[in-house]
Amino acid sequence: MLVIRGPAQARARPPRSDLEEIRSGLAYVWSRRAIRLTLLMLGLVSACGVQFMVLLPIFAEDILASGSVGMGLLMGAAGAGATAGALLLAARPVAAGLDRLVTRTMIGSGACLAAFAFSRSLWLSCAILVFVGMAMMVQLSGINARLQDLAEDAYRGRVMGYY
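Note that the structure is a prediction, hence the values are computed from the model and not measured.

A. Structural detail: the nonpolar core. With 30 residues, the main nonpolar core has Ile-35, Leu-74 and Leu-129 as its most contacted residues. At the level of secondary structure, the elements contributing two or more residues to this core comprise α1 (18-31), α2 (33-49), α3 (52-63), α4 (67-90), α5 (98-118), α6 (122-150) and α7 (156-162). Dropping the residues within four chain positions of it, Leu-129 is found in contact with Phe-52, Leu-56, Leu-74, Ala-77, Ala-78 and Phe-116.

The following block contains the structure:
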């Protein structure tokens, strides 16, 4: 490992203040429509979708009357779906079409969360949460990958800071 040499790196530019770097990153994000819309999608997913996890104990105890065992099953179902979603995304050969996949999984997870809200069966709820977990993983990882693909090298760290 010590003898491996990578490509020559360009000289670093003179240091700027943190506030200037934040402004620069925000200006870059704002000037790139695709990045701006992808971050907006992330905000929507974070505000409306991922928050279902906070309500799972209430569903397990009060709605499904399944207690801690039901809570474990619900969390496990969402985790199994997330694992499947990660494997599905890892199997994709290229990032092309990732924006459409993320959009579809946003719609699908919204529909599944609505179905989960009306479910009164533990097993049906677990089955639904498998799909929700898968969709959430594809969304969040897909948005991450898309942002990194869209951002120029010089701004990638700042763009991911907004992620």
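Back to the text.
B. Layout of the environment of Gly-25. Counting through the fold element by element, Gly-25 comes out in helix α1. Using a relative accessible area of 1% as the deciding quantity, one classes Gly-25 as buried. C-alpha separation for the pair Gly-25 and Val-159, spaced 134 residues apart in sequence, amounts to 6.4 Å. Not counting residues up to four positions away in its chain, the partners in contact with Gly-25 are Arg-158 and Tyr-162.

C. Representation of α3 in the model. Its 12 residues place the ends of α3 only 14 Å apart at the C-alpha level, less than the 16 Å of an ideal helix rising 1.5 Å per residue. Buried-residue contacts for α3 involve α2, α4, α5 and α6. Ala-65 sits one or two positions beyond α3 and adopts a positive phi of about 50°.

D. Summary view of the confidence of the model for the protein chain. Per-chain confidence: the protein chain averages 88 in pLDDT, with 91% of residues scoring 70 or above. Averaged pLDDT values over the elements of the protein chain bottom out at 86 in α7 and peak at 94 in α4.

So, how was this worked out
- Residues numbered from 1 in each chain as written.
- Predicted model: local features only at pLDDT ≥ 70, side-chain atom pairs only at ≥ 80, totals over all residues.
- Heavy atoms only, no water.
- Core = buried A, V, L, I, M, F, W, Y, C linked by side-chain atoms within 4.5 Å.
- Buried < 20%, exposed > 50% of the residue type's maximum accessible area, 1.4 Å probe, protein only.
- Helix = DSSP H or I, 4+ residues; strand = E, 2+ residues; numbered from the N terminus.
- Contact = heavy atoms within 4.5 Å.
- Expected span 1.5 Å × (residues − 1).
- pLDDT = per-residue confidence, 0-100.

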